[in-house]
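Okay, here's what each chain looks like letter by letter:
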Amino acid sequence: VGSEMCIRDSTMSAAGDALRLDPQSPRVREMLAFAALFRGDVAGVGNELDQLSPAARRGEAAGLLAGTTRLMRMELPQARTAFAAVLQEHPNSIAGRLWLARVARMQGQPVEAEQLLGEALRAAPGNIEAASMLAAAALPGQPRAAEARAILQAAQAAAPAQFSLAQTMANLHIRGGE
């Protein structure tokens, strides 16, 4: 807990210094919003995002923050809308895909979640979050285990030197008694 407080305090101090130097910087507002998120201060996140220009609110970080606060409030349709907007504005956003996949899974849309996670792995084969979420869905006994496993196998075939994918597949083989 002590190191987390030190990181939070350091982040707030650095953001405060940056804000004094450039009070109009959207990156500083985003940093302050992330610090508020780490504190669990959802209202503080909103306050910082509200100070951004409309163009800055369409930025990837701001969109992810907006979606995350909606998700924290379990406002799934609004979180979906925010993360989908991130992908519309930033089609290469891996984080946007991961968050939208989480929402899709929570809304009972496993096919959409798998598609998004597969896209994330094609773009970033070493992405442990995407591989881990697919691996959880690919465990024996899961309703869409075969489909999730096929996505992981395709990702591994496309990036055979990616150790994390090989390790994920080995773990699935072991858990499946293969």
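Right above here is the structure, for reference.
Cut-off values and rules
- Residues numbered from 1 in each chain as written.
- Predicted model: local features only at pLDDT ≥ 70, side-chain atom pairs only at ≥ 80, totals over all residues.
- Heavy atoms only, no water.
- Axes fitted to C-alpha atoms, helices over the stretch in contact; angles between N-to-C directions.
- Helix = DSSP H or I, 4+ residues; strand = E, 2+ residues; numbered from the N terminus.
- Left-handed = near helix turned anticlockwise from the far one by under 90°.
- Contact = heavy atoms within 4.5 Å.
- Buried < 20%, exposed > 50% of the residue type's maximum accessible area, 1.4 Å probe, protein only.
- Core = buried A, V, L, I, M, F, W, Y, C linked by side-chain atoms within 4.5 Å.
- Salt bridge = Lys/Arg side-chain N within 4 Å of Asp/Glu carboxyl O.

Draft legend 1. Spotlight on the packing of helix 8 (residues 110-123) against helix 9 (residues 128-138). Running from N to C, helix 8 and helix 9 cross one another at 145°; their axes reach a closest spacing of 9 Å. For the crossing formed where helix 8 meets helix 9, the hand is left-handed. Here helix 8 contributes Glu114, Leu117, Gly118, Ala120 and Leu121 to the contact with helix 9, which in turn contributes Ala130, Ala131, Met133 and Leu134.

Draft legend 2. Structural detail: unusual backbone geometry. In this structure, methionine 74 is a non-glycine residue whose phi angle is positive, near 60°. Summarising the element assignment, methionine 74 is placed in the loop between helix 5 (60-72) and helix 6 (76-89). Among the residues examined, methionine 74 registers a relative accessible area of 51% and is labelled exposed.

Draft legend 3. Quick peek at the nonpolar core. The biggest cluster of nonpolar side chains holds 33 residues, and the ones touching the most others in it are Leu98, Leu117, Leu121, Leu134, Leu152 and Leu165. Secondary-structure elements contributing two or more residues to this core are helix 5, helix 6, helix 7 (94-106), helix 8, helix 9, helix 10 (145-158) and helix 11 (163-175). Top contributing element to this core by residue count: helix 9, with 7 residues. Every residue in contact with leucine 121, bar those within four places of it in the chain, is listed here: Asn127, Ala130, Ala131, Leu134, Leu152, Ala155 and Leu165.

Draft legend 4. Expanded view of the pattern of salt bridges. As enumerated under the stated definition, the model contains 10 salt bridges in all. Taking the shortest distance from any N to any O, the salt bridge between glutamate 112 and arginine 80 comes out at 2.8 Å. Here arginine 80 lies in helix 6 and glutamate 112 lies in helix 8, a separation of 32 residues in the sequence. Overall, the relative accessible area of 23% leaves glutamate 112 in the partly exposed class. When its relative accessible area of 21% is taken as the criterion, arginine 80 is described as partly exposed. Here arginine 149 and glutamate 178 are joined by a salt bridge, their closest N and O atoms 3.1 Å apart.

In short, shape yes, function no, at least from these values alone.
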